[in-house]
Amino acid sequence: MAITYDELPNSTYLDLTSYRGNAPLPVAFVPESPFSFNVALVLERIVEPSALLASDWASRQSQLETLKSNNTLWSTYGADPAAYQAVRTELTNLGFTLFPEGNDQQYVSSAESRTIWLKVDQTNFHTLFDTVLQKGQDQQGSDVTFWQNNLSLPDTLTSRGVKGVMFDAGFQSLLAANPGGAGVELPQDGQGPGNSLHTAGQIYPNDLASIYNYPFNSETTRDWWKTVATAPIGLIEPNMGTAVPASTHKTFAQLADEYRQGIPDVHLDQPGTYVNVAPGGAANDSSGERSLDVSIVTAAAPTSTVVLYAGSGDAQGARSVVFTAYQAAIWDETNNPAVVSSSFRDFPHIAPGSPFDFAYRELFVDAVLRNITMINAVGDGGSGDQFANGLTNVDTMHASPYTIVAGGTSLSSQQAATDDPTLHALASAAEAGNLPTIWQLVEGGLKHLPTVDTLATNQRLIETVWNSYFVYGQDIVDQYNNGGGFQQNFAAAGGVDPSQPQPSYQTDFGLDLATSDPSALPGRGVPDVAALAGGNLRYIVTGNDMAGTGSGAGTSAAAPMWSALVAQFDAVFRDQGLPHLGYMNDLLYTAAAIAPASFNDITLGNNTSSFLYGGNYLTPTASGNTATVAVTPTGWGYEAGTGYDMTTGLGTPNGLLLARALTAIAHEQVSFGSVDHVVHVDAAGDFSTALSETLLLQTTSNAAATVNVITGSDLQSFASGPSAAYAWTSLLAQQSLQSNFDPNLVRLFDKQAQGTLAQAETQAGGALSVFVDGTEAGAPQVKMTTPFGFVDFMSSDGGVRVARPVAVAETAGGADNQQAVVRVRQNGEDSLAVTFYKVDDFNGTIAGLNPGDAGYAAAAQGRAYQFSGGATSLAGPGYGNYTQAMLQGVNAGDHVAMSLTNQSSGNTFWAFSQANESVGGQSVGHLWSYGLNTWGWEDTRGGGDHDFNDLVVQLDFTSASGHGWLV
Ligand SMILES: [Ca+2]
Ligand SMILES: [Ca+2]
Ligand SMILES: [Ca+2]
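Below is a summary of the structure that appears in this document. (Residues numbered from 1 in each chain as written. Chains lettered and ligands numbered in written order. Predicted model: local features only at pLDDT ≥ 70, side-chain atom pairs only at ≥ 80, totals over all residues. Heavy atoms only, no water.)

Counting 181 residues, the largest nonpolar core has Phe167 and Leu588 as the members making the most contacts within it. Per-element tally for this core: the top contributor is helix H18 (residues 555-575), with 13 residues. Not counting the four nearest positions on each side in its chain, phenylalanine 167 is found in contact with Leu16, Phe37, Asn38, Val39, Phe125, Phe129, Trp147, Leu151, Val321, Phe347 and Phe356. Core analysis: the second largest hydrophobic core is formed by 67 residues, Leu441, Phe749, Ala820 and Leu927 among them. (Core = buried A, V, L, I, M, F, W, Y, C linked by side-chain atoms within 4.5 Å. Buried < 20%, exposed > 50% of the residue type's maximum accessible area, 1.4 Å probe, protein only. Helix = DSSP H or I, 4+ residues; strand = E, 2+ residues; numbered from the N terminus. Contact = heavy atoms within 4.5 Å.)

Following this line, the structure appears as structure tokens:
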């Protein structure tokens, strides 16, 4: 019987291997000799989970919980079981041998996973795909096994929903042409600052976790990392699992435990738990990638069970492509990893709209449905991603919107920066007290003022983009002229994946990303986040065979560092009664928007490495030690900069602050969906206010500006002078609310005036618009910040933050009678005290009394919350200093207002300007919003120096819940 075929669109060999390539297929000269390998056919879902994926985190969690408890998750989002069985029958009738069904088999094959694995060989490849394999050579002379034109499938398969194809085969990737072409001159020596220390330092992962302030490794929580139970972490280790060489005479667990016990000074003596999932065997027993993964997660999250996935292994012609290990991890219903980390890649440049793209893209959707947090290394080939097409590239198979993509930095201590010729001037300027330099370092997470006295102790001065490409003459190599270069793993990848649209969380963060090469194509920006990869500091990990210790580097280390962090977050979420984190990329971006101190912002460095073959430069092959391959650098790449960038994403973590932000966001979404947001935005993009309320209007601009704010039928017009160069930002204000933030840094940036503060009274449903110097301002992050009480309106001439002066007590789980943590940093010289009191609404009224009315102060005192100990006010800790205290008896949804008493001058100030003094007929505002439940007070009558940092105050309604690990 003749088979009728359906051609699969975009399914050429180049669509599998060489998206955005510039090379033709080889000229075929022989049919491929006898071959055999395994193929996955992937079916469509019964229902597309588009609505679930587009809803917010709490709604996703709630929908998943309902689907699971109804036992309808896979009967909704899996393949149609009848169609799945019909395809299996049809394949059997066509003479193919299928791998058995089951999610715990060598190959995952099930209606839930929508996947069928089968063998093909030279006798029946044509029967399945209506084409044949051929052998030829690419333009660099390497052998290529490939097919001509598109693949087809029998219509008896496509009509039943088969859409995806994946090969467990050794097809060569990355066909690139040899055209020569215009290039750029590269500077000599290190290609990025902060990677030129002659001998890199070394650090154990748990010590790095401490530098990154992981919730259980912080200065105030030194030993929790060893005792608090954290979630299982899955590691993608294709064709390896826990295999170790017989020559070690030890088991994998013995070797991993020896590494843990060898970490100096911390007595990590209890054994770890390691699980091997390798139903297809494992041929490899040594790998630097596995050593990085295992060492980092077992040292940074030592109570997490580590599950290693070998994928299809090597039995029955298997080749363990990464896809098979991902499937094993995602469908592991025995060990149920909460986090899955991968640094391996198989087909890094899959074309959009191809059957291969369908298979990979939907795999990461399966991870969402299985409620797993996926974390992938961005890659180590810089902006060119080791693909000689002259453009910027990223690994499309690692750039799913449903995975956290981890980029890489080089971390320099104060001593390292002093010794690194590319950072020496910066370190000297910082030690000399140069304000712009120190400001930049604080943005990057610096907590201690660097001086000559801190040279030996300051472990963290600056992080820069990991870029260990060096140029000596015309050779592009490593620092020691021994290997390296654009075809080896020596710099953080990162850029834009134009094969897919920009995800909503990047759009809602205000980003509009495009490739930096001349194609300027929009798409998904990667990485999302970063962590140490190498350069001036490397990781101490096990040897490749798991024995002893060695030195490791790469974004392959950043991914397991983030996996360990997410495992800690997951423990906190469970402790606070929240679900697993699962797919949480949107929470990370929201945290950055409302609590920017959650990340250390990397602002220095680049990952530029785009190139073509041919030309006057030489670089080693992928495994060579000497520069032998002619290349032409094309100079397209990405630079670190303020805020999100495509070398380091949102930055490296301040783990404790990020944990607080994530839990606050989660509780808001889970329990406080009915609280009116400060600003609403309609489908046309117009803004309105939901309530009658009093709002702060805070101007930030580099030059004098005229601001018009229209609320309903009211127009407010005011002038603002420029903000001082170091006027406090939300980032600095929130950073200062860490107990170990140096008072010297606080005082260094005192008396820096903000722009004009005004106040608006809004009406329910009233329109809201903001103009700066006549230009209407947009609100690029409105969706992310408005649930948390503020919105930033931005124009090219400056910005206006519209913010509530009142906190809503969004407690953990919506519980009443909770404790709130009050954190206070003082940057004023007077004697100050703050009082919190309950108001009836966002206008600050108390039983009909408005702020400023006679008797309001007494009414506020009657509504004052008590601190533990019974006092109703908290004294400031003194100039530059920090304190925190616990506020008692806070109920869910309470509207909490503040007043400040300056005991030196005898004045009391209110959040509502009409209750304060007037100057020139204008009442004076004293409170400035610094993001998530954080405000700064101006302590001087008449407005003083207008710096609004004399007492910085934060209310945290969730961290005291559960064990209080985040207090
Ligand atoms: Ca940055
Ligand atoms: Ca002041
Ligand atoms: Ca001050």
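Turning to the coordination of the calcium ion (ligand 3), a few remarks are in order. Distances from the calcium ion (ligand 3) to its protein donors, namely Asp750 (OD), Asn827 (O), Asp947 (OD), Asp947 (OD), Asn949 (OD1) and Asp950 (OD), fall within the range 2.2 to 3.1 Å. What the six donor atoms of the calcium ion (ligand 3) show is an angle range of 45 to 168 degrees at the metal, which sorts the shape as irregular. Donor residues for the calcium ion (ligand 3) sit on one chain with the sequence pattern D-x76-N-x119-D-x1-N-D. A separation of 3.7 Å is found between the calcium ion (ligand 3) and the calcium ion (ligand 2), which share aspartate 947 as a coordinating residue. Taken individually, asparagine 949 and aspartate 950 each receive the classification buried, so the pair is uniform in this respect. (Donors = N, O, S within 2.8 Å, 3.2 Å for Na, K, Ca; no water. Tetrahedral: all angles 85-135°; square planar, octahedral: opposite > 155°, others 65-115°.)

With that out of the way, let us pick up the coordination of the calcium ion (ligand 1). Protein coordination of the calcium ion (ligand 1) is provided by Asp601 (OD), Ile602 (O), Gly641 (O), Gly643 (O) and Asp645 (OD), with donor distances spanning 2.3 to 2.4 Å. Sequence spacing among the residues donating to the calcium ion (ligand 1) works out to D-I-x38-G-x1-G-x1-D. Of this pair, aspartate 601 sits in the loop between strand E25 (599-600) and strand E26 (611-619) while aspartate 645 sits in the loop between strand E27 (629-633) and strand E28 (652-653), placing them 44 residues apart in sequence. Accessibility classification places aspartate 601 together with aspartate 645 in one group, the buried group.

Moving on, we come to helix H10 (residues 252-261). Spacing of three or four residues puts side chains on the same side of an α-helix, whose turn is 3.6 residues. Of the positions making up H10, those classed as buried are Phe252, Leu255, Ala256, Asp257, Tyr259 and Arg260. In this fold, the buried residues of H10 make contact with helix H8 (205-211), strand E12 (274-277), helix H11 (288-300), strand E13 (306-309), strand E23 (537-542) and strand E24 (549-552).

With that out of the way, let us pick up the layout of surface pockets. Considered as a void within the structure, the largest pocket measures approximately 1400 Å³ in volume. Taken together, 44 residues make up the lining of the largest pocket; nearest its centre are Thr642, Thr729, Asp792, Met794 and Arg801. Sorting the residues of the lining of the largest pocket by element identifies helix H16 (435-443), helix H19 (585-594), strand E31 (694-700), helix H21 (730-736), strand E37 (790-795), strand E38 (798-803) and strand E48 (927-929) as the ones contributing at least two each. A breakdown of the residues in the lining of the largest pocket according to their chemical character gives 22 nonpolar, 17 polar and five charged. Estimates place the volume of the second largest pocket at around 910 Å³. Forming the boundary of the second largest pocket are 40 residues, of which Leu174, Arg345, Pro348, Gln386 and Ala622 lie nearest the centre. (1 Å grid on protein atoms, 1.4 Å probe; cavity = no way out; pocket = protein on both sides within 12 Å on 5 of 7 lines; lining within 4 Å. Points joined across faces, edges and corners; volume = space filled by probe spheres on them. Nonpolar A, V, L, I, M, F, W, Y, C, P; charged D, E, K, R; others polar.)

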